Amino acid sequence: MAFFAGMTKRGVKISILTNSLDASDVMPVHAGYSRYREALLEAGIPLYEYKGTAGEQRRKRRWFGSSSASLHAKTFVYDRRYTVIGTLNLDPPSLRLNTEIGILFESEVLASTLVGAFDSNVQRAAYRLELLEQELAWRDGETGLLYTREPEVGFFRRAGVLLISLLPIESQL
């Protein structure tokens, strides 16, 4: 958080797109991430959460992950020149345990193409998070609807994430 906040104070543009709770198949990971949302927004970082599969057949979810393989890729663009694509998370377990990988590309064309694709699709494909009177809200960029609870998920799923977020498991995520 300090790293990202420091970068935004220096004028670096950061935007984050991650899964919404509805699109996530691993509740503990979402629980770990969710405690940082307000701080990211307060640091001036636009935060987007990818919409679930609305209108499509939903995959069966499990409390601690999916039984089937799923795409797990991350993409980072730096200075519109460098791109990292892979499974590498920017967190201590991934860096310390060397269980993730990323490939670095030095290409202004690739970086600019990815930034353009992000900018032109994020409003349709994701909710933009906002702080309204110090409360988290999700705005659907496609419809303009505003949600004051995690969209497209029920009470028990939200409660499960809340309970998991109370556990001291962050170092394992």
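Scroll up a little and you will see the structure.
Let me begin by describing the structure that accompanies this report. Just so it is clear, the structure is predicted and the values come from calculations on it, not from any experiment.

## Here's the deal with the nonpolar core
Counting 12 residues, the largest nonpolar core consists of Met7, Ile14, Ile16, Tyr33, Leu40, Leu41, Ile45, Leu47, Tyr127, Leu129, Leu136 and Trp138. The contact partners of Tyr33, leaving out residues within four places of it in the chain, are Thr18, Asn19, Leu47, Glu49 and Leu129. Of all hydrophobic cores here, the second largest spans six residues; its members include Leu21, Met27, Val153 and Val161.

## Let's talk about the pattern of salt bridges
All told, the structure shown has six salt bridges when counted by the stated rule. For Lys51, the salt bridge identified is with Asp140, shortest N-O distance 2.8 Å. Of the two residues, Lys51 is situated in the loop between strand 2 (47–50) and strand 3 (74–78) and Asp140 in strand 7 (residues 135–140); the sequence distance between them amounts to 89 residues. Lys51 sits in the buried class, given a relative accessible area of 13%. A salt bridge links Glu142 to Lys51; the nearest nitrogen and oxygen atoms lie 3.4 Å apart. Taken together, the residues Glu142 in the loop between strand 7 and strand 8 (146–147) and Lys51 in the loop between strand 2 and strand 3 connect sequence positions 91 residues apart. Residues joined in a network through salt bridges with shared partners are Arg37, Glu49 and Glu150.

## Looking at the sheet that holds strand 6 (residues 126–132)
With respect to topology, five strands assemble into an open sheet ordered 1-2-6-7-8, the strand pairing being mixed. Each having just a single partner strand, strand 1 (16–19) and strand 8 make up the two edges of the open sheet. Pairing analysis gives two bridges linking strand 7 to strand 8, with the strands arranged antiparallel. Among the inter-strand pairings, Trp138 is bridged to a residue of strand 8, identified as Tyr147.

The rules behind these values
Residues numbered from 1 in each chain as written. Predicted model: local features only at pLDDT ≥ 70, side-chain atom pairs only at ≥ 80, totals over all residues. Heavy atoms only, no water. Core = buried A, V, L, I, M, F, W, Y, C linked by side-chain atoms within 4.5 Å. Buried < 20%, exposed > 50% of the residue type's maximum accessible area, 1.4 Å probe, protein only. Contact = heavy atoms within 4.5 Å. Salt bridge = Lys/Arg side-chain N within 4 Å of Asp/Glu carboxyl O. Helix = DSSP H or I, 4+ residues; strand = E, 2+ residues; numbered from the N terminus. Pairing = 2+ DSSP bridges.

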